[in-house]
Amino acid sequence: MKRTIDGKALVYCEGAFNTPNGKTAHGLVRFTERYEIVGVLDSTYSNQDAGMVLDGKKNGISIFKNLESAIRELRDMGDTPETLVIGLAPDGGRLPVEAKAVIKKALTYGWNVDSGLHDFISNDTEMVELAEEYGGRIRDIRKTPPRHKLHFFTGAIEKVDCLKLAILGTDSAIGKRTTAWLLVHALRKAGKKAEMIGTGQTAWLQGAKYSMIMDSCINDFVSGEIEHAVVSAYKNENPDVIVIEGQGSLMNPAYPGGFEILAAGRPDYVILQHAPTRKEYDGFPGYKLHPLKKQISAIQTISGKKVIAITVNHEGLKDDEIIPACERISIETGLPAFDVLKHGAEPLVQLIKKHIK
């Protein structure tokens, strides 16, 4: 049996898998240490392999039409889940009405329910009563901890003496977290001690040991929570490299989360994730994406630190178009460009090794 933190889980992603609104589900089917993912719920891709739909590579995780068919098939395989994880990541983090019936049904089976949305399931009296009656647990990942448990910025980050890298992006939902994990795993494979700092609910759901959830953190404590996560990872793990997951982008009208990461995480260098086919900010038609060179300039002006590489999101590109797209970016920016999801993070690791302290 695969060893995980919280056992077997089924991921709810109805109508959103293989779209930007399914990015939490995507992260979980690609990698998680918290759960063993045994299936995904989305009738759009029922009876297909989740890895094949997402990345063109089978991973053995089936997509089911509905909860009933999932339970029937998984029970026959001895893979009955213990948890239903909400794999949706819609704008504003709202829970769709149709999802509530599935959650209630899962609770009557005695399952746990984990959600990273802003609509807190634990505030729903009926669902709380079902959990108590049938022995399940409800966990709202975005629910803010009590204020006395939050940390204020202290400056302790200046004592962190290992290489710190921030994976920022030119937009939201562009692959920053996926790139961060791929880089951490490739660094470990290369014999370097690397730690991931999660800054969103999906990284936490994937088992990131050192995390804070920026989307729901009280503003006064955002910098302190980022600093605390980085300092804790440094003190406890003595890593060669700390990789900080970015949020949103500096110029995104709704999610300008990169400011806090630069200010509080104080990275030594930045790696910038970019989708060359994307013309407007995700979810905001009419808001034109700022040019790549302008975004690089903004990051370097604000932080005083260099962007050392571009990582490419290949959405909208055919396989034979990816390398030429990387080459065009390199010519435009003077920086190396890599598609780590398609081609692996090893070339990026070779670049990073030169900067390890």
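Structure: see above.
Let us look at the structure shown here. Small disclaimer: the values here were computed from a predicted structure and weren't measured.

Attention now moves to the packing of helix H6 (residues 176-189) against helix H13 (residues 346-353). Across the interface, H6 lies against H13 with an axial gap of 9 Å and an inter-helix angle of 70°. Between H6 and H13, the crossing angle belongs to the class labelled roughly perpendicular. Contacts between H6 and H13 involve Leu183, Ala186, Leu187 and Lys189 from the former and Glu346, Leu348, Val349 and Ile352 from the latter.

With that settled, the discussion passes to the sheet that holds strand E8 (residues 194-198). On the basis of which strands lie adjacent, the open sheet formed by 7 strands has the order E9-E8-E10-E7-E11-E12-E13 and parallel pairing. Pairing within the sheet leaves two strands with one partner each, and these edge strands are strand E9 (210-211) and strand E13 (337-338). Note that strand E7 (residues 163-169) and strand E10 (residues 241-245) share 5 bridges and pair parallel. Of the residues in E10, the one forming a bridge with Ile167 is Glu245. Packing of H6 onto the sheet brings it into contact with E7, E8, E10, strand E11 (269-274) and strand E12 (306-312), and relative to E8 it is tilted by some 165°.

The sheet built from 6 strands is open, its strands ordered E3-E2-E1-E4-E5-E6 with parallel pairing. Among the strands making up the open sheet, the edge pair consists of strand E3 (62-64) and strand E6 (138-140). Neighbour-to-neighbour, the strand axes of this sheet turn through a mean angle of 25°, independent of strand direction. Direction of pairing for strand E5 (residues 112-115) relative to E6: parallel, over a ladder of 3 bridges. Within the sheet, the bridge partner assigned to Asp114 lies in E6 and is Arg139. On top of the sheet, helix H4 (residues 97-108) reaches strand E1 (8-12), strand E2 (36-41), strand E4 (83-86), E5 and E6; it is set at about 160° to E4, its chief contact.

Attention now moves to the side chain of Thr24. By the element assignment, Thr24 lies in helix H1 (residues 23-30). Looking at Thr24, its side chain comes within polar contact range of the side chain of Thr202, at 2.8 Å.

Within the fold, Arg34 resides in the loop between H1 and E2. Leave out the neighbours within four places in its chain, and Arg34 touches Thr4, Ile5, Asp6, Gly7, Arg139, Trp204, Leu205, Gln206 and Gly207.

According to the stated counting rule, one finds 16 salt bridges in the structure shown. In this structure, Arg137 engages Asp114 in a salt bridge whose closest nitrogen and oxygen atoms are separated by 3.1 Å. Taken together, the positions of Arg137 in the loop between helix H5 (125-134) and E6 and Asp114 in strand E5 put the pair 23 residues apart, joining distant regions of the chain. On the basis of relative accessible area, Asp114 is assigned to the buried category, the value being 0%. When the shortest N-O distance is used, the salt bridge between Asp171 and Arg278 registers 2.8 Å. Separated by 107 residues along the polypeptide, Asp171 in the loop between E7 and H6 and Arg278 in the loop between E11 and helix H10 (292-303) bring together distant segments of the chain.

Moving on, we come to the nonpolar core. The biggest cluster of nonpolar side chains holds 47 residues, and the ones touching the most others in it are Leu10, Phe17, Val40, Leu41, Leu84, Ile86 and Ile103. Per-element tally for this core: the top contributor is H4, with 5 residues. Setting aside chain neighbours within four positions, we find Val40 in contact with Leu10, Val11, Cys13, Phe17, Val29, Ala50, Ile61, Ser62, Ile63 and Phe64. Counting residues in hydrophobic clusters, the runner-up holds 40 residues, among them Leu150, Ala229, Leu262 and Leu335.

Residues Asn112 and Asp114 of E5 are buried on one face, and the alternating residues Val113 and Ser115, pointing to the opposite face, are buried as well. Relative to E5, E4 runs parallel, the two being bridged by 3 bridges. Paired with Val85 across the two strands is Asp114, which belongs to E5. The β-α-β motif built from E4, the intervening H4 and the parallel element E5 has right-handed crossover chirality.

Criteria and cut-off values
Residues numbered from 1 in each chain as written. Predicted model: local features only at pLDDT ≥ 70, side-chain atom pairs only at ≥ 80, totals over all residues. Heavy atoms only, no water. Axes fitted to C-alpha atoms, helices over the stretch in contact; angles between N-to-C directions. Helix = DSSP H or I, 4+ residues; strand = E, 2+ residues; numbered from the N terminus. Parallel < 35°, antiparallel > 145°, perpendicular 65-115°, else oblique. Contact = heavy atoms within 4.5 Å. Pairing = 2+ DSSP bridges. Polar contact = N/O pair within 3.5 Å; in protein donor to acceptor, adjacent residues only side chain to side chain. Salt bridge = Lys/Arg side-chain N within 4 Å of Asp/Glu carboxyl O. Buried < 20%, exposed > 50% of the residue type's maximum accessible area, 1.4 Å probe, protein only. Core = buried A, V, L, I, M, F, W, Y, C linked by side-chain atoms within 4.5 Å. Right-handed = clockwise from strand over helix to strand, strands pointing away.

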